Amino acid sequence: MTDSNQYTPPKVWTWNQPNGGKFASINRPIAGPTHEKELPVGRHPLQLYSLATPNGQKVTILLEELLALGHKGAEYDAWLIRIGEGDQFGSGFVEVNPNSKIPALMDRSGAQPVRVFESGSILLYLAEKFGAFVPTTQPERAEVLSWLFWQMGSAPYLGGGFGHFYAYAPTKIEYAIDRFAMETKRQLDVLDRRLAENEYLGGSAYTIADIAVFPWYGGLVKGWLYGDSAEFLSAHEYKNVLRWADAIAARPAVVRGRMVNRVSGDPAGQLRERHDAGDFETRTQDKVEG
């Protein structure tokens, strides 16, 4: 690989297929399917195709929270999409999400199936469908939606920026790590200042704003993301974010939501597919392997 300090961009970029580090096998400059593969369909109206990345966790956490509130229509089948193996480029998945990213949702509860993709869009769709976790009056609604879209705009700097160059890039580039570490710490400070004055991001109530932000920034300060990145970023300094993250992490629905479609960590915390509430007791990976 060319030394990054000596690299001069060519007049016209061309795809160097082996480049890209850990994700070289699945990153490409074109869209569309790479192979024919239909998606499975379970017995519930809501069909989720996902993986327990931070973006995937947002949706499973919300679904488990909705079920905990008694919304029986929020029962769902969660099918595992192994993005490292290219499942997201199957023809069936691309029909649900032409952007080939998890999570993707099909709602079959009406006369016509509804596809919903992009995690923030799915959160808003489900919150409005069931009338929960999103305010209906102003200014509370605007505040919650502002923080929801703050997450959608900010997290790429954390994940694709800091996370990639700190943990995954084949070469450690000081400029890139410093640039995105600085921005990640600025974002943590934004959250810390907000949470110094409010219990939750939208105010006094737990909403989809918290559900969207928690898997990324809560996971970061709790040491769940990118190896030792919490120490590197001095995450202990953001005491209000830590207080908020601890409170959310302790919610039973959050514990369950983080288990769904998980393929790493403690086998007892992995529910690779979820088709019924009882699966948390009978189908975790430790029991499947046993």
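Residues numbered from 1 in each chain as written. Predicted model: local features only at pLDDT ≥ 70, side-chain atom pairs only at ≥ 80, totals over all residues. Heavy atoms only, no water.

Remarks on the sheet that holds strand 2 (residues 76–80)
Alright, step 1. Spatially, 4 strands are ordered 2-1-3-4 in an open sheet, and the strand pairing comes out mixed. The open sheet has two edge strands with one neighbour each: strand 2 and strand 4 (114–117). When strand polarity is set aside, the average angle formed by the axes of neighbouring strands in this sheet is 20°.
Alright, step 2. Where strand 1 (residues 46–50) lies against strand 2, 5 bridges are found, and the strand directions are parallel. Among the inter-strand pairings, serine 50 is bridged to a residue of strand 2, identified as leucine 80.
Alright, step 3. This element, helix 1 (residues 54–68), spans strand 1 and strand 2 of the sheet and lies at about 150° to strand 1.
Alright, step 4. Each of strand 1, strand 3 (104–107) and strand 4 touches helix 3 (residues 119–130); the most contacted strand, strand 4, lies at about 130° to it. (Pairing = 2+ DSSP bridges. Helix = DSSP H or I, 4+ residues; strand = E, 2+ residues; numbered from the N terminus. Axes fitted to C-alpha atoms, helices over the stretch in contact; angles between N-to-C directions. Contact = heavy atoms within 4.5 Å.)

Regarding a nonpolar patch on the surface
Alright, step 1. Together, Tyr7, Trp13 and Trp15 line one region of the surface with nonpolar side chains, adding up to about 390 Å² of accessible area.
Alright, step 2. Relative to the elements of secondary structure, tryptophan 15 occurs in the segment before strand 1.
Alright, step 3. Judged by its relative accessible area of 37%, tryptophan 15 falls in the partly exposed class. (Patch = residues over 30% accessible without salt bridge, like charges linked within 9 Å, V, L, I, M, F, W, Y side chains within 5 Å. Areas by Shrake-Rupley, 256 points an atom, 1.4 Å probe, with all protein chains shown as cover. Salt bridge = Lys/Arg side-chain N within 4 Å of Asp/Glu carboxyl O. Buried < 20%, exposed > 50% of the residue type's maximum accessible area, 1.4 Å probe, protein only.)

Structural notes on the pairing of strand 3
Alright, step 1. Residue alternation in strand 3 divides its side chains into two sets, Ala104 and Met106 and Leu105 and Asp107, and both sets are buried.
Alright, step 2. In this sheet, strand 3 lies alongside strand 1 in antiparallel orientation, the contact comprising 4 bridges. The residue of strand 3 that forms the bridge with glutamine 47 is methionine 106.
Alright, step 3. By the bridge criterion, 4 bridges tie strand 3 to strand 4 in an arrangement that is antiparallel. From the neighbouring strand, aspartate 107 faces strand 4, where its bridge partner is valine 114.
Alright, step 4. From the end of strand 3 to the start of strand 4, which pair antiparallel, there are 6 residues.

Some points on the environment of tyrosine 226
Alright, step 1. Topologically, tyrosine 226 is positioned in the loop between helix 6 (208–221) and helix 7 (229–232).
Alright, step 2. Not counting chain neighbours up to four residues away, the residues in contact with tyrosine 226 comprise Leu158, Gly159, Phe162, Gly163, Tyr166, Ala167, Tyr168, Trp216 and Leu220.

Some details on the packing of helix 1 against helix 9 (residues 252–259)
Alright, step 1. Here helix 1 crosses helix 9 at 140°, and the two axes come no closer than 8 Å. Accordingly, the angle class assigned to the pair helix 1 and helix 9 is oblique. In this structure, helix 1 meets helix 9 at a crossing whose hand is right-handed. Contact residues: helix 1 offers Gln57, Thr60, Ile61, Glu64, Glu65 and Ala68, while helix 9 offers Ala253, Val254, Arg256, Gly257 and Arg258.
Alright, step 2. The residue inventory of the contact of helix 1 with helix 9, partitioned by class, reads 4 nonpolar, 3 polar and 4 charged. (Parallel < 35°, antiparallel > 145°, perpendicular 65-115°, else oblique. Left-handed = near helix turned anticlockwise from the far one by under 90°. Nonpolar A, V, L, I, M, F, W, Y, C, P; charged D, E, K, R; others polar.)

Brief notes about the packing of aromatic side chains
Alright, step 1. The tally for this structure, following the rule as stated, stands at 13 aromatic pairs.
Alright, step 2. Ring geometry for tryptophan 150 versus tyrosine 217: centroids 5.2 Å apart, planes at 45°, classification tilted. You can see tryptophan 150 sitting in helix 4 (residues 140–168) and its partner tyrosine 217 sitting in helix 6, a full 67 residues away along the chain. By the burial criterion, tryptophan 150 is buried, and tyrosine 217 matches it.
Alright, step 3. Seen from their ring centres, phenylalanine 165 and phenylalanine 180 are 5.9 Å apart, and the 5° between their planes marks the pair as stacked. With phenylalanine 165 in helix 4 and phenylalanine 180 in helix 5 (residues 174–197), this residue pair connects regions lying 15 residues apart in the sequence.
Alright, step 4. Taking the relative accessible area as the measure of exposure, phenylalanine 165 reaches 21% and is therefore partly exposed.
Alright, step 5. An aromatic cluster is built from Phe162, Tyr166, Tyr168, Tyr226 and Phe232, whose rings are joined through pairwise contacts.
Alright, step 6. Seen from the ring of phenylalanine 180, arginine 179 lies directly overhead, with NZ or CZ sitting 5.7 Å from the centre.
Alright, step 7. The ring of tryptophan 224 carries the charged tip of arginine 258 above its face, separated from the ring centre by 3.7 Å. (Phe/Tyr/Trp six-rings, centres within 6.5 Å; stacked < 30°, edge-to-face > 60°. Lys NZ or Arg CZ within 6 Å of the ring centre and 35° of its normal.)

A few points about helix 5
Alright, step 1. Across its 24 residues, helix 5 extends 35 Å between first and last C-alpha, which sits within 8% of the 34 Å expected from 1.5 Å per residue.
Alright, step 2. Among the residues of helix 5, Ala176, Ile177, Phe180, Ala181, Glu183, Thr184, Gln187, Leu188, Leu191, Asp192, Arg194 and Leu195 are the ones counted as buried. (Expected span 1.5 Å × (residues − 1).)

Thoughts on the packing of helix 5 against helix 8 (residues 239–249)
Alright, step 1. The N-to-C vectors of helix 5 and helix 8 enclose an angle of 75°; their axes lie 7 Å apart at closest approach. By the angle class used here, helix 5 and helix 8 are roughly perpendicular. Of the residues in helix 8, those touching helix 5 at Leu188, Leu191, Asp192, Leu195 and Ala196 are Lys239, Asn240, Val241, Arg243 and Trp244.
Alright, step 2. Across the contact of helix 5 with helix 8, the residue classes break down as 6 nonpolar, 1 polar and 3 charged.

Nothing here speaks to function; it is geometry throughout.
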